[in-house]
Amino acid sequence: MLQPLFDKDCNFIGWIKQGEHIFNQNMDWIAYISNGHAWSAATENWMGLVNGLVCLDTSGKVVLWSTGGDIIGAARPSRPSRAARTLQPERPEQQKRPETPSRPTTPDGGWSSLSAEQWSRQ
């Protein structure tokens with residue numbers, strides 16, 4: 001099941017299939033998730049931790065979040081070994097645009113300085 005992803009300003013960014021993949025609004029595949037870490041579908045570079053429905057940058061700061069997940073940062077994670085590239089998934093069906101959620105409180109450690117686009121293009 002796909003869950004919507006938002007940035008710190010509650011802008012709708014895309015979708016996450018928990019523990020598997022991240023897609024943008026157009027359902028383009030932007031990242032795969034392996035062992036709790038996000039990896040760029042374009043460059044295969046490590047993007048940071050994924051804690052359930054919350055995506056963190058390589059410094060442990062929150063970049064993207066979804067309702068239903070605790071919006072919590074983390075200590076700077078150690079760089080993991082490169083994950084094996086996952087096969088590109090089939091493009092999911094277009095989803096109905098989600099309602100804009102209420103602005104969350106600032107997570108411990110603060111928000112990432114990276115925009116969602118910068119994060120996805122690492």
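Quick caveat: nothing in here was measured; it's all calculated off a predicted structure. (Residues numbered from 1 in each chain as written. Predicted model: local features only at pLDDT ≥ 70, side-chain atom pairs only at ≥ 80, totals over all residues. Heavy atoms only, no water.)

## A short note on the overall build of the chain
Thinking step 1. Helix and strand counts for the chain stand at 1 helix and 8 strands.
Thinking step 2. Taken from N to C terminus, the helices and strands of the chain fall in the order β-β-β-β-β-β-β-β-α.
Thinking step 3. For the chain, whose C-alpha radius of gyration is 13 Å, the value lies close to the compact-globule estimate of 14 Å for 122 residues.
Thinking step 4. For the chain, the residues scored as buried account for 47% of the 122 residues in total.
Thinking step 5. Across the chain, the fraction of contacts at a sequence separation of at least 24, relative to all contacts at a separation of at least 6, is 50%.
Thinking step 6. Side-chain charges in the chain split into 12 positive and 12 negative, and the spacing between the mean points of these groups amounts to 5 Å. (Helix = DSSP H or I, 4+ residues; strand = E, 2+ residues; numbered from the N terminus. Rg over C-alpha atoms; globule rule 2.2 N^0.38 Å. Buried < 20%, exposed > 50% of the residue type's maximum accessible area, 1.4 Å probe, protein only. Contact = heavy atoms within 4.5 Å. Lys, Arg positive; Asp, Glu negative; His and termini not counted. Charge placed at Lys NZ, Arg CZ, Asp CG, Glu CD.)

## Some thoughts on the sheet that holds strand β5 (residues 37-40)
Thinking step 1. With antiparallel pairing, 8 strands are arranged side by side in an open sheet as β1-β2-β3-β4-β5-β6-β7-β8. Strands with a single pairing partner mark the edges of an open sheet, and in this sheet they are β1 (2-6) and β8 (62-64). When the angles between neighbouring strand axes are averaged without regard to direction, this sheet yields 35°.
Thinking step 2. As paired elements, strand β4 (residues 29-34) and β5 share 4 bridges and run antiparallel to each other. Its bridge partner lying in β5, Ser34 is registered against His37. (Pairing = 2+ DSSP bridges. Axes fitted to C-alpha atoms, helices over the stretch in contact; angles between N-to-C directions.)

## Some words on the nonpolar core
Thinking step 1. With 20 residues, the main nonpolar core has Trp15, Phe23, Val62 and Trp65 as its most contacted residues.
Thinking step 2. Among the secondary structure elements, those contributing two or more residues to this core are β1, β2 (12-17), β4, β6 (46-51) and β7 (54-56).
Thinking step 3. By size, the runner-up hydrophobic cluster in this structure holds 15 residues, among which are Ile16, Val50, Cys55 and Leu64. (Core = buried A, V, L, I, M, F, W, Y, C linked by side-chain atoms within 4.5 Å.)

## Quick word on the state of the cysteines
Thinking step 1. For the coordinates displayed, the defined rule picks out 0 disulfides.
Thinking step 2. Cys10 takes part in no disulfide bond, and the closest cysteine sulfur, belonging to Cys55, lies 15 Å away. (Disulfide = S-S within 2.5 Å.)

## Structural notes on the environment of Leu64
Thinking step 1. As for its position among the elements, Leu64 is in strand β8.
Thinking step 2. By relative accessible area, Leu64 is classed as buried at 1%.

## Quick notes on the packing of aromatic side chains
Thinking step 1. Applying the stated criterion across every chain yields a total of 4 aromatic pairs.
Thinking step 2. Ring geometry for Phe6 and Trp65: centres 5.4 Å apart, planes at 40°, overall tilted. Residue Phe6 is located in strand β1, and its partner Trp65 is located in the loop between β8 and α1 (116-120); the two are separated by 59 residues in the primary sequence. Note on accessibility: Phe6 and Trp65 belong to one class, buried.
Thinking step 3. What links up through ring pairs into an aromatic cluster is the set Phe6, Phe12, Trp15 and Trp65. (Phe/Tyr/Trp six-rings, centres within 6.5 Å; stacked < 30°, edge-to-face > 60°.)

## A look at the layout of surface pockets
Thinking step 1. Considering only enclosed or pocket space, the largest pocket measures out at about 280 Å³ in volume.
Thinking step 2. Going through the elements one at a time, β2, β3 (21-24) and α1 are the ones with two or more residues in the lining of the largest pocket.
Thinking step 3. Across the lining of the largest pocket, the residue classes tally to 7 nonpolar, 5 polar and 2 charged. (1 Å grid on protein atoms, 1.4 Å probe; cavity = no way out; pocket = protein on both sides within 12 Å on 5 of 7 lines; lining within 4 Å. Points joined across faces, edges and corners; volume = space filled by probe spheres on them. Nonpolar A, V, L, I, M, F, W, Y, C, P; charged D, E, K, R; others polar.)

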